[in-house]
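Given next are the chains, with one letter for each unit.
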Amino acid sequence: MHFETAVDIHRQFHYYMSAILIATGLESPNRGEEFWEDRLQSPASRDALKRAMLRGADEFDRWCAGRARERLPGTGRGGIGSEVSLRLVLEDYFRQNGW
Amino acid sequence: MVTTVEGRVFVCSWRKVGDRIQVWVRDLPKLRSEGATFAEADEALWDVICAATGDGENIHEYDPPAPVTRLPGVSSELVLAGCEGLAFITNGPDLFAGGLCPQCDHARGQRTGQPLKLHVVRADDAGRAKVKQYSGSRLKFFSEVFLSLLRPAERAQFEFRSVECDRGRKIFFELAGSRVHVPLVALRGASLDLWVCDTCGWGNQPMHAGMGSFPAWLSDAADGRWFELPAWYVSAAGLPRPLPTCLTVGRAPEYALCFTRRRWAELVGERGARGIKSHRVPVVSSEYVDPDPPRRLHSEVWGQARP
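Not measured: the values here are computed from a predicted model.

## Things to note about the overall build of chain A
Looking only at helices and strands, one finds four helices and zero strands in chain A. Beginning at the N terminus, the succession of helices and strands in chain A can be written as α-α-α-α. The buried share of chain A, reckoned over its 99 residues, is 53%. Long-range contacts, defined as pairs at least 24 residues apart, comprise 61% of the intrachain contacts of chain A with a sequence gap of at least 6. Total accessible area on chain A stands at roughly 4,900 Å², and carbon and sulfur atoms take up 54% of it.

## Quick look at the confidence of the model for chain B
Across chain B, pLDDT averages 92, with 97% of residues at or above 70. Listed scores for the predicted complex are pTM 0.89 and ipTM 0.83.

## Things to note about the sheet that holds strand E18 (residues 276-284) of chain B
Residues and elements named next belong to chain B. In spatial order, the strands read E12-E16-E17-E5-E18-E15; together these six strands make up an open sheet with mixed pairing. Strands at the two margins of the open sheet, each flanked by one partner only, are strand E12 (181-182) and strand E15 (234-235). Here strand E5 (residues 74-83) pairs with strand E17 (residues 254-260) via three bridges, running antiparallel. By the bridge assignment, Leu 80 is partnered in E17 with Cys 258.

## Description of helix H1 (residues 38-53) of chain B
The end-to-end C-alpha distance of H1 of chain B, which contains 16 residues, comes to 22 Å, matching closely the 22 Å that a straight helix rising 1.5 Å per residue would cover. Three or more residues of H1 of chain B are buried, namely Phe 38, Ala 41, Leu 45, Trp 46, Asp 47, Ile 49, Cys 50 and Thr 53 of chain B.

## Focus: the interface of chain A and chain B
Contact with chain A, which involves 26 residues of that partner, is made by 42 residues of chain B. Contact between chain A and chain B buries roughly 3,000 Å² in total, counting both sides, with carbon and sulfur atoms accounting for 50%. When the buried surface of chain A facing chain B is broken down by residue, Glu 33, Glu 34 and Gln 41 of chain A rank first, second and third, together holding 23% of it. Across the contact surface, chain A and chain B share seven salt bridges. Note that Glu 33 of chain A and Arg 128 of chain B form a salt bridge whose closest N and O atoms lie 2.9 Å from each other. Taken together, the links from chain A to chain B amount to 16 residue pairs in polar contact (both at pLDDT 80 or more). Residue assignment for the side of chain A that touches chain B shows that the elements contributing at least two residues are helix H1 (6-23), helix H2 (33-39) and helix H3 (43-68) of chain A. A class-by-class count of the residues in the side of chain A that touches chain B yields eight nonpolar, eight polar and 10 charged.

## Concerning helix H4 (residues 86-96) of chain A
Residues and elements named next belong to chain A. Leu 86, Leu 90 and Phe 94 are the residues of H4 that are buried. All buried residues of H4 lie within an arc of 70° about the axis, which places them on one face of the element. Of the exposed residues in H4, those oriented more than 90 degrees away from the buried face are Leu 88, Arg 95 and Gln 96. Once H4 ends, the next one or two residues include Gly 98, with phi positive near 70°.

## Comments concerning the packing of aromatic side chains
Geometry of an aromatic ring pair is reported as the spacing of the ring centres plus the angle between the planes. Residues and elements named next belong to chain B. Counted by the stated rule, this structure contains 14 aromatic pairs over all chains. On the basis of an interplanar angle of 75° and a centroid distance of 5.6 Å, the ring pair of Trp 14 and Phe 38 is categorised as edge-to-face. With Trp 14 in strand E1 (residues 9-17) and Phe 38 in helix H1, the pair connects residues that are 24 residues apart, well separated along the chain. Measuring from ring centre to ring centre gives 5.0 Å for Phe 142 and Phe 146, while their planes differ by 25°; the resulting arrangement is stacked. Among the aromatic residues, those joined into a ring-pair cluster are Phe 142, Phe 146, Phe 158 and Phe 160. The ring of Phe 96 has Arg 111 lying over it, and the distance from NZ or CZ to the ring centre is 5.9 Å.

## Thoughts on the side chain of Glu 37 of chain A
Its place among the elements puts Glu 37 of chain A in helix H2. In terms of polar contacts, Glu 37 of chain A uses its side chain to reach the side chain of Arg 128 of chain B, at 3.0 Å. Here Glu 37 of chain A is in contact with Arg 128, Lys 130 and Arg 138 of chain B, once residues within four sequence places are set aside.

## What about the nonpolar core?
Soluble globular proteins: nonpolar side chains tend toward being buried together. By size, the foremost hydrophobic cluster in this structure holds 61 residues, and its most contacted members are Phe 142, Phe 146, Val 234 and Phe 259 of chain B. With nine residues, H3 of chain A is the largest single contributor of residues to this core. Setting aside residues up to four positions removed in sequence, Phe 146 of chain B forms contacts with Asp 125, Leu 257, Phe 259, Gly 272, Ala 273 and Ile 276 of chain B. Counting residues in each nonpolar core, the second largest holds 15 residues, with Phe 96, Val 131, Leu 139 and Phe 141 of chain B among its members.

Thresholds applied
Residues numbered from 1 in each chain as written. Chains lettered and ligands numbered in written order. Predicted model: local features only at pLDDT ≥ 70, side-chain atom pairs only at ≥ 80, totals over all residues. Heavy atoms only, no water. Helix = DSSP H or I, 4+ residues; strand = E, 2+ residues; numbered from the N terminus. Buried < 20%, exposed > 50% of the residue type's maximum accessible area, 1.4 Å probe, protein only. Contact = heavy atoms within 4.5 Å. Areas by Shrake-Rupley, 256 points an atom, 1.4 Å probe, with all protein chains shown as cover. pLDDT = per-residue confidence, 0-100. Pairing = 2+ DSSP bridges. Expected span 1.5 Å × (residues − 1). Buried area = accessible area lost by both parts, 1.4 Å probe. Salt bridge = Lys/Arg side-chain N within 4 Å of Asp/Glu carboxyl O. Polar contact = N/O pair within 3.5 Å; in protein donor to acceptor, adjacent residues only side chain to side chain. Nonpolar A, V, L, I, M, F, W, Y, C, P; charged D, E, K, R; others polar. Arc of directions from axis to C-beta. Phe/Tyr/Trp six-rings, centres within 6.5 Å; stacked < 30°, edge-to-face > 60°. Lys NZ or Arg CZ within 6 Å of the ring centre and 35° of its normal. Core = buried A, V, L, I, M, F, W, Y, C linked by side-chain atoms within 4.5 Å.

This is the structure in structure tokens:
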């Protein structure tokens, strides 16, 4: 796979997240924000989502470190593809939002 | 073409050509893809839109509607207008006579005369906002242009109130009341995460989501593709007769606007219906409904956290 632009990294991030969310018994992220707002009315769902996202972040971080980060620092959303690990970005988000 | 906010709703079309399914963005037909199945083509279109626009959370609203599996016990379907616009309420505690519940943050009492004040983050034609930033009751608002798409008799069923926004020129109205309102139901045999607040008695609405939540009779019918099953259901016994072309579902004050499939087909893609993602709401016969699903207390479920 070639990754010439930040969009490529961005797409890869979504591939990991979609695949892992469905594999762990959750839905695709692209069902809309209203769906997910209701979905997170359950602490079990929130925990499952948190675990899935961290797992996805680890996969993504491994992919980035091995293939993309050195060539393309990027300024992807939330630091994706930058020097910051996605796991750290997510852990910070979860901490700030009381997850 | 670059987008700055992800999660845009793209109105798309599809057709079958031979044994392949072709899908495309209606206003940007160069953004297209195909696959052996609808799901495969739709997934490929997500990739095309992401590459072209940078929107990795792109959402597809199909006209004609995407093909669906026929479900047991379902006589017809409503369409829930998912409001993808986003705003924050700046005067949440003033909006309800009893303020907000100190435990679950949901609204208590009747709606006061105070106008809803919003800080709009994403101004589509339909949006939602919670009374306490990220928690508590979720209120819906619609643009003036969206309301103009409704027939006078349809609008008359609801109470729409002017909204005060801190920026932008778009005029919004809050959906503050409904005279044609039906509850969402839990399906018999479903495993749902339902809770009721110890303090105010508010309970979250039945939502079927996640691999383990659907009853076997439903997931079997979907041939294992549980993630494509609808999340919300209503009982045929609870619907008004004759069925109006639009109504609300859920629990006050969290009204969700729904349409008949035929009426929604007239609105989808229209100027004024931007940012609406439709969700299927099957109408099930009463023998498929659990009239009293188990609920746990908010304190047991959440502890000190907020939903």
